[in-house]
Amino acid sequence: MGAHETPTRPSGAARNRTAHDPAGPLIWQRTDTVGTELVFPDADGRTAAGTGVIGGTGPHSVQWLAALDDASGVRALTVTCESSQSRRTLEMTPEDDGALVFRSGDDAPTRLEGIDVVRVTDSPMFLTWALRRLALTPAAGAVPAMTARVLLPSLTVATGTTTYQLVSDQRLRIGGDEAGATFDLDASGIVAYRAGRLRLA
């Protein structure tokens, strides 16, 4: 979909009643610009690979490979981002004490402790994992979690406390140290829609 087109927002009932297969390929379309993310989760739910292409004023491509623990926490991650000016790769690995180490090219490694959630910015797959990792329920209210976000296309790692709130069974709201946003979930709990930003195909 081109950036000049105005998407038609489906009704909540029509948008959320489908349960996408978490083990099958998942495709999200960007609705604010030309862009797509394609994700292939493994059947065991322990690894997943994704590819994204973003157009607009800063076109770039991104590829990532993530390894998860039993609670859908991201435990290892490789992200490669490429534009017309550069190609960079960021690797994240865990240490025995639970700390996470980020390495990118010739930059000095960054060691982070106390990280609850790891996300690649603008990837709804990582946001889906976050709500599973935190075991969110509507009764829990806003849950604060120390979050490491990989920003694209720079691959800079931003840290801060993000609040995650399951407003209802099919609506997620985030805020805190990052810009607030609201997302709709499908019947299987996958992030499926954000107004003016993305939708699950």
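Note that this is a predicted model, so its numbers are computed, not measured. (Residues numbered from 1 in each chain as written. Predicted model: local features only at pLDDT ≥ 70, side-chain atom pairs only at ≥ 80, totals over all residues. Heavy atoms only, no water.)

Looking at this structure, I do not really get the pattern of salt bridges. What am I missing?
One pass over the full model with this rule turns up 13 salt bridges. The closest approach of N and O atoms between Asp97 and Arg111, which form a salt bridge, is 2.3 Å. Of this pair, Asp97 sits in the loop between β6 (87-94) and β7 (100-104) while Arg111 sits in strand β8 (residues 110-112); the two residues are 14 residues apart in sequence, bridging distant segments of the chain. Relative accessible area serves as the criterion here: at 38%, Arg111 is assigned to the partly exposed category. A salt bridge links Asp184 to Arg171; the nearest nitrogen and oxygen atoms lie 3.0 Å apart. (Salt bridge = Lys/Arg side-chain N within 4 Å of Asp/Glu carboxyl O. Helix = DSSP H or I, 4+ residues; strand = E, 2+ residues; numbered from the N terminus. Buried < 20%, exposed > 50% of the residue type's maximum accessible area, 1.4 Å probe, protein only.)

Explain the confidence of the model for the protein chain to me, please; I cannot follow it from the model alone.
Any region with low pLDDT has predicted coordinates that should not be read closely. When pLDDT is averaged along the protein chain, the result is 90; 89% of the residues meet or exceed 70. Low pLDDT (under 50) marks residues 1-17, which in the prediction has 27 contacts with non-local residues, meaning those over four places away or in another chain. (pLDDT = per-residue confidence, 0-100. Contact = heavy atoms within 4.5 Å.)

What am I meant to see in unusual backbone geometry here?
Among all residues except glycine, the phi angle is most often negative; among peptide bonds, the trans geometry is most common. Geometrically, the link from Leu152 to Pro153 is a cis peptide bond, its omega value of 5 degrees lying close to zero. Inspection of the secondary structure puts Pro153 in the loop between β10 (142-150) and β11 (157-168). In the Ramachandran plot, Ala135 falls in the positive-phi region, its phi being about 50 degrees despite a non-glycine side chain. Tracing the chain through its elements places Ala135 in the loop between α2 (124-133) and β10. On the accessibility criterion, Ala135 (55% relative accessible area) is exposed. One non-glycine residue, Leu155, lies in the positive phi region at around 65 degrees.

It is not clear to me how the pairing of β7 should be interpreted in this structure. Could you clarify?
Side chains on a regular strand alternate between the two faces of the sheet. Of all 5 residues in β7, 4 are buried, a share of seventy percent or more. Relative to β7, β6 runs antiparallel, the two being bridged by 5 bridges. Bridge assignment links Leu90 to a residue of β7, and that residue is Ser104. Between the end of β6 and the start of β7, which pair antiparallel, lie 5 residues, with Gly98 showing a positive phi angle near 95 degrees. In the sheet, β7 pairs with β8 via 3 bridges, with the strands oriented antiparallel. Residue Leu100 lies in a different strand from β8, and its bridge partner there is Leu112. Once β7 ends, the chain turns through 5 residues before running back antiparallel as β8, passing Gly105 with a positive phi of about 60 degrees. (Pairing = 2+ DSSP bridges.)

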